[in-house]
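Each chain, written out:
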Amino acid sequence: MHDGRGRDGTDARNDSWRGQWIGVADDESTHELTRAAFRRTVAFDDVPATLPIRVSADARYVLWVNGREIGRGPVRSQPARWTYDEYDIAPALREGDNVIGALVTYYGEDNAVWQRARVERGLGAVAALVFDAPDEWQELVTNGEWTAQRIDAWEPVPSEGKLGSLPIEVIDHRRIDGTWTTSTDAPEWPRAQVLRARHAGAYRRSTPPAHPYGALHPRGIAALTGERIAPRDVRGAVRPDCGPVELVAGARELAASMRSALHWCELDETTRVPDGGAHVVEVDFGRIVAGFVEFDLEAPEGTVVDLAYLERELLAAGGDQRYLPRAGARVIAGQGRTAFRALETNGLRYIAMVIRPSAAADVRMRNLRVREHLYPVADEASFASSDSELERLWHAGMRTVQLNSVDAFTDCPTREQRAWTGDAVVHIGVHLATNSDWRLVRRHLELGDSPRSDGLLPMSVAGDIESDGGFSIPDWSLHWVHAVWMYARASGDREFILHRMPSIARVLAWFGQFEDATGVLADVPEWPLVDWSSVFTSGRSSILTGLWARALSEYGELSRWVGNSGDAARAAVALARAARGYEAFWCEERGVYVDHVVGGERQPAASQAANAAAIVSGIVPRHRHARIVGAMTDETRLVTRGWNAPSPEIGLEQKVRDRVEGVRRVDWDVDREIVRAEPFFSAVVHDAIAQAGHAALLPDLLRRWSRYLVDGYDTFGECWEWGTPSHGWSSSPTRDLIVHVLGVQPPALDERAYVVAPAQTDISRIEATVPTTAGSIRAEVVHGVLAISTPVHVVVRAWDGTERELPPGRHTVGLGSMNSAPLAASSATKETI
């Protein structure tokens, strides 16, 4: 797969398209899931050395040449910003006849990864494919010479609710000709229908660019990839009597009811199932995996395999099932060996499986795997320490982010798979510190840059939530601004930032509507989530004002960097007003900022979120920082509470009722205790602690994340007391160890030198490889001595605050005082600062 450059090295979207959008003949607009197969047979006397092609579809395609899978796509996007992929298909060609096949899925209804174009007929309303090739291979391009057929082997079973993700695959292999991607004997399918834009003034255009897809854009990111993962443990038993099984839930419940009877077994062994019975199996992959489920089934035609994909062990009756994933598949065996290759990605650790032949029979499942489909890590990013717990945490954050790095940054692989605008600030921070390929960072920031008419960003993009056009999480737009600023510092990509500046200005203006006479934000509507901890944002909000002030400051920096001094000055004026009004939140007796002021009265509730937002805002007096940090890291004062989780005083059922009724019930000592941030906002807490000069506290604070790494799980969960076991927004420890503990930080805007400021901790050794635009920095601190190999200028900051700039090269530096004696000289620079 290529990155979207044209055949002459230019942006390929500027090349004229010869391929036409095509669909199935007489296909009508539908709001149900449909799958359509497209096929072209072409002869080659000589196979070319290369044959670059471009392809796109609505909504998703799988492309084969002679039965060899070439790729899947396109990446998620808004309809008017649709994308295409490029491949070289020459390696799959042969002399003589060749078969090009594509299976296109049209979801019909909006879902977590796709939003329907607002078109009711013609192009944009049905399954569509476009395939393009160079001039000398015009017989390959899509047109009316291709054949197309709707495939009715799949039932349209959509996901359910806002926690739903992709459709559940229900496939009957008895209704599929398994040779259509390989056999040169063409099936008797009708000719494809050329699809045309049918709006006024379209002149029935059929080649890109055409509404509703506009100018197709190159995907701009690497191909997703991954290994095939085999189960670590399989347990099963034969149930002699088994009635009908409800889709997904039935497999889960039946396996749970038989849990005590399940015994270790080899899945690929032949099992005899009696008439009316079933083979019930629980499969454990040992960790969360994400991608396409695959298996080969040897069983009589009509055998039904029900699968439920689970993130945790089978739940006993009465367990908390509020957020149980509704994910799985039903596969009906065809003649001979049935090869199931999932079309939709899913995340899981366990599979509950029920295999039901229609009569007594031997059944055998082979090669059950999950083919992971994730964004690759580009280079030798690494972290090592004498503290093995910190090493484990770094790797867990890497794995958590990787599981949520696909064609966008997602919340979790096991449930929604949505591209949340604010969640991704954590993923982006990790990527910038650990992966030299920053194209996915750019891609996600571009996806998020999709403002509503009033300027606020959708809380989730390129899917059902954005398509609905409903309420948003306002603070997610502020986290997006922060992510843009982080990318600007790391990349120096001024052109990209220039394109984001209008949206940043509109986001800040949206919040400016709620600035009260004192200069702070008051009564911000919609869903100001912050995170799932029990924080207050009603009335005048210290948290929202602090995040807004941080964004104003960052916008001012970016404006000066791109030469817009006027907007920088206006941001500074707004910051000054906010600083004056912010004093209303300060509680001198407790040494903290409270969450909010209501009716002119300071309310007692205080949180880590409020105090972290105060520090990162840059508008509170620095002499208070140490006192604030002391308060919000004092374990004797911290309490874990969440509006969505039970507490010792209030049970889950009451909490659920409270949420529905809009009640926020205080169930902690509000005058003394401070509410702990959940893992997501802990990223801001850690930034604040480091910004206040106390990064040395972070290693011990990060150890709290070890609670997730039990029972084989190697990823971070969503919240402290509930949620999915692999949630991207919880991965800040990986970045924190690089940026704050080892202290490798990108340069300020318009500066050339990275900052290396290791925290003074009792860790005897810590080292990492950190990407930059010029190559990787390798830094190691052993007993207070920094050894660094750098391709860029660096400013090393010693533990007493003194600094020295060093050129590219290898250096060994003592982290003591500038005036201490120099280390012994060698061919590499050796200094003490």
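In this text, all values refer to a predicted model and were calculated from it rather than measured experimentally.

**A short note on the overall build of the protein chain**
Within the protein chain, the secondary structure is distributed over 15 helices and 41 strands. Against the compact-globule benchmark of 28 Å for 833 residues, the protein chain has a radius of gyration of 28 Å, which places it among compact chains. Dimensions of the protein chain, computed from the C-alpha atoms along their principal axes, are close to 80 × 65 × 60 Å. Here the protein chain displays about 30800 Å² of accessible surface, and carbon together with sulfur accounts for 47% of that area. Of the side chains in the protein chain, 90 bear a positive and 114 a negative charge, and the two mean positions are spaced by 2 Å.

**Considering helix H4 (residues 439–448)**
Most of H4 is tucked away, with 7 of its 10 residues classed as buried. The elements touched by buried residues of H4 are strand E6 (83–88), strand E24 (419–420), helix H3 (424–434), strand E25 (460–461), helix H6 (474–491) and helix H7 (494–512).

**Notes on unusual backbone geometry**
Residue Ala 59 is reached from Asp 58 by a cis peptide bond, and omega for that bond is 10 degrees. With omega at 0 degrees, the peptide bond leading from Pro 208 into Pro 209 counts as cis. Within the secondary structure, Pro 209 is located in the loop between strand E11 (193–194) and strand E12 (217–218). You will see that Tyr 203, though not glycine, has its phi angle at about 55 degrees, which is positive.

**Observations concerning the confidence of the model for the protein chain**
Mean pLDDT over the protein chain: 93, with 94% of residues reaching 70 or higher. The low-confidence segment residues 818–833 (pLDDT under 50) makes 42 contacts with residues lying over four places distant or belonging to another chain.

**As for the pattern of salt bridges**
A side chain of one charge can pair with a side chain of the opposite charge if their charged atoms are brought near each other. Inspection of every chain in the model, using the stated rule, returns 57 salt bridges. Among the salt bridges present, the one from Arg 778 reaches Glu 767, with a minimum N-O distance of 2.4 Å. Here the residue Arg 778 occupies a position in strand E36 (residues 775–782), and Glu 767 occupies one in strand E35 (residues 765–772), the gap between them amounting to 11 residues.

**Concerning the packing of aromatic side chains**
By the definition in use, this model includes 29 aromatic pairs. Ring geometry for Trp 532 against Trp 722: centres 5.5 Å apart, planes inclined by 70 degrees, an arrangement best described as edge-to-face. With a gap of 190 residues between them, Trp 532 in the loop between H7 and strand E26 (540–541) and Trp 722 in the loop between helix H14 (698–702) and helix H15 (732–741) connect regions that are remote in the sequence. With relative accessibility at 14%, the residue Trp 532 sits in the buried group. Ring centres 5.4 Å apart and planes at 50 degrees place the aromatic pair Tyr 582 and Tyr 593 in the tilted group. You can see Tyr 582 sitting in helix H9 (residues 565–582) and its partner Tyr 593 sitting in strand E28 (residues 592–593), a full 11 residues away along the chain. When its relative accessible area of 0% is taken as the criterion, Tyr 593 is described as buried. The ring of Trp 17 is capped by Arg 54, whose NZ or CZ atom sits 4.0 Å from the centre of that ring. A cation over a ring is seen here: Arg 72 above Phe 292, with NZ or CZ 4.0 Å from the ring centre.

**Structural notes on the sheet that holds strand E7 (residues 96–106)**
The strands that make up a sheet are held in pairs by hydrogen bonds between backbone atoms, and each pair lies either parallel or antiparallel. Spatially, the 5 strands line up as an open sheet ordered E5-E4-E7-E2-E9, and their pairing is antiparallel. With partners counted over all chains shown, the strands left at the sheet margins are strand E5 (68–73) and strand E9 (147–151), one partner each. Pairs of neighbouring strands in the sheet enclose a mean axial angle of 20 degrees, with direction left out of account.

**Considerations on the side chain of Arg 60**
Counting through the fold element by element, Arg 60 comes out in strand E4 (residues 60–65). This buried residue, Arg 60, is left without a salt bridge; Asp 407 holds the nearest opposite charge, at 4.5 Å. Polar side-chain contacts of Arg 60 include one of 3.5 Å to the backbone oxygen of Pro 74. Ignoring any residue separated from it by four or fewer positions in sequence, one finds Arg 60 in contact with Gly 73, Pro 74, Arg 76, Trp 82, Leu 103, Val 104, Thr 105, Tyr 107, Val 113 and Trp 114.

**Some points on the environment of Ala 696**
When you line up the elements, Ala 696 lands in the loop between helix H13 (679–691) and H14. Judged by its relative accessible area of 38%, Ala 696 falls in the partly exposed class. Along the sequence, Ala 696 and Trp 189 sit 507 residues apart, while their C-alpha atoms lie 68 Å from each other. Non-local contacts of Ala 696, meaning those with residues more than four positions away in its chain, are made with Ala 759, Gln 760 and Thr 761.

**A few points about the pairing of strand E21 (residues 346–356)**
For E21, the buried fraction is high: 11 of the 11 residues fall into the buried class. Sheet analysis places strand E17 (residues 278–298) next to E21, joined by 9 bridges and oriented antiparallel. Looking across to E21, one finds that His 279 is bridged to Ile 355. Across 7 bridges, strand E18 (residues 304–310) lies against E21 in antiparallel orientation. The residue of E21 that forms the bridge with Leu 310 is Tyr 350.

**A closer look at the packing of helix H10 (residues 608–617) against H13**
The contact between H10 and H13 brings their axes to 8 Å, and the two run at 50 degrees. Comparing their axes, H13 and H10 come out oblique. Crossing of H10 against H13: the hand is left-handed. Facing Gln 608, Ala 609, Ala 612, Ile 615 and Val 616 of H10, the residues of H13 in contact are Phe 681, Val 684, Val 685, Asp 687, Ala 688 and Gln 691. A per-class count over the contact of H10 with H13 returns 8 nonpolar, 2 polar and 1 charged.

**Brief notes about H10**
In terms of burial, H10 is largely enclosed, as 10 of its 10 residues are buried. Among the residues of H10, those classed as buried are Gln 608, Ala 609, Ala 610, Asn 611, Ala 612, Ala 613, Ala 614, Ile 615, Val 616 and Ser 617. At the C-terminal side of H10, Gly 618 shows a positive phi close to 75 degrees.

**Quick look at the side chain of Thr 772**
Mapped onto the elements of the fold, Thr 772 is located in strand E35. The exposure class of Thr 772 is buried, given its relative accessible area of 7%. Among the polar contacts listed, one links the side chain of Thr 772 to the backbone nitrogen of Ala 774, at a separation of 3.0 Å. A distance of 2.5 Å separates a polar atom in the side chain of Thr 772 from the backbone oxygen of Gly 775. The residues touching Thr 772, leaving out its near neighbours within four places in the chain, are Trp 438, Tyr 754, Ile 777, Pro 791 and Val 792.

**Some thoughts on the environment of Gly 539**
Along the chain, Gly 539 turns up in the loop between H7 and E26. For Gly 539, a relative accessible area of 13% gives the class buried. Sequence-wise, Gly 539 and Arg 602 are 63 residues apart; in three dimensions their C-alpha atoms are separated by 10.0 Å. Among all residues touching Gly 539, those that are not within four sequence positions of it are Leu 521, Ala 522, Asp 523, Val 597 and Val 598.

**Some remarks on the sheet that holds E26**
Taken together, 3 strands build an open sheet; the order of strands is E26-E29-E30 and the sheet is antiparallel. Taken across any chain shown, the strands that pair with only one partner, and hence form the sheet edges, are E26 and strand E30 (601–602). The pairing of strand E29 (residues 596–598) with E30 spans 2 bridges and is antiparallel. Residue pairing across strands places Val 597 opposite Arg 602, the latter belonging to E30.

Thresholds applied
Residues numbered from 1 in each chain as written. Predicted model: local features only at pLDDT ≥ 70, side-chain atom pairs only at ≥ 80, totals over all residues. Heavy atoms only, no water. Helix = DSSP H or I, 4+ residues; strand = E, 2+ residues; numbered from the N terminus. Rg over C-alpha atoms; globule rule 2.2 N^0.38 Å. Areas by Shrake-Rupley, 256 points an atom, 1.4 Å probe, with all protein chains shown as cover. Lys, Arg positive; Asp, Glu negative; His and termini not counted. Charge placed at Lys NZ, Arg CZ, Asp CG, Glu CD. Buried < 20%, exposed > 50% of the residue type's maximum accessible area, 1.4 Å probe, protein only. Contact = heavy atoms within 4.5 Å. pLDDT = per-residue confidence, 0-100. Salt bridge = Lys/Arg side-chain N within 4 Å of Asp/Glu carboxyl O. Phe/Tyr/Trp six-rings, centres within 6.5 Å; stacked < 30°, edge-to-face > 60°. Lys NZ or Arg CZ within 6 Å of the ring centre and 35° of its normal. Pairing = 2+ DSSP bridges. Axes fitted to C-alpha atoms, helices over the stretch in contact; angles between N-to-C directions. Polar contact = N/O pair within 3.5 Å; in protein donor to acceptor, adjacent residues only side chain to side chain. Parallel < 35°, antiparallel > 145°, perpendicular 65-115°, else oblique. Left-handed = near helix turned anticlockwise from the far one by under 90°. Nonpolar A, V, L, I, M, F, W, Y, C, P; charged D, E, K, R; others polar.

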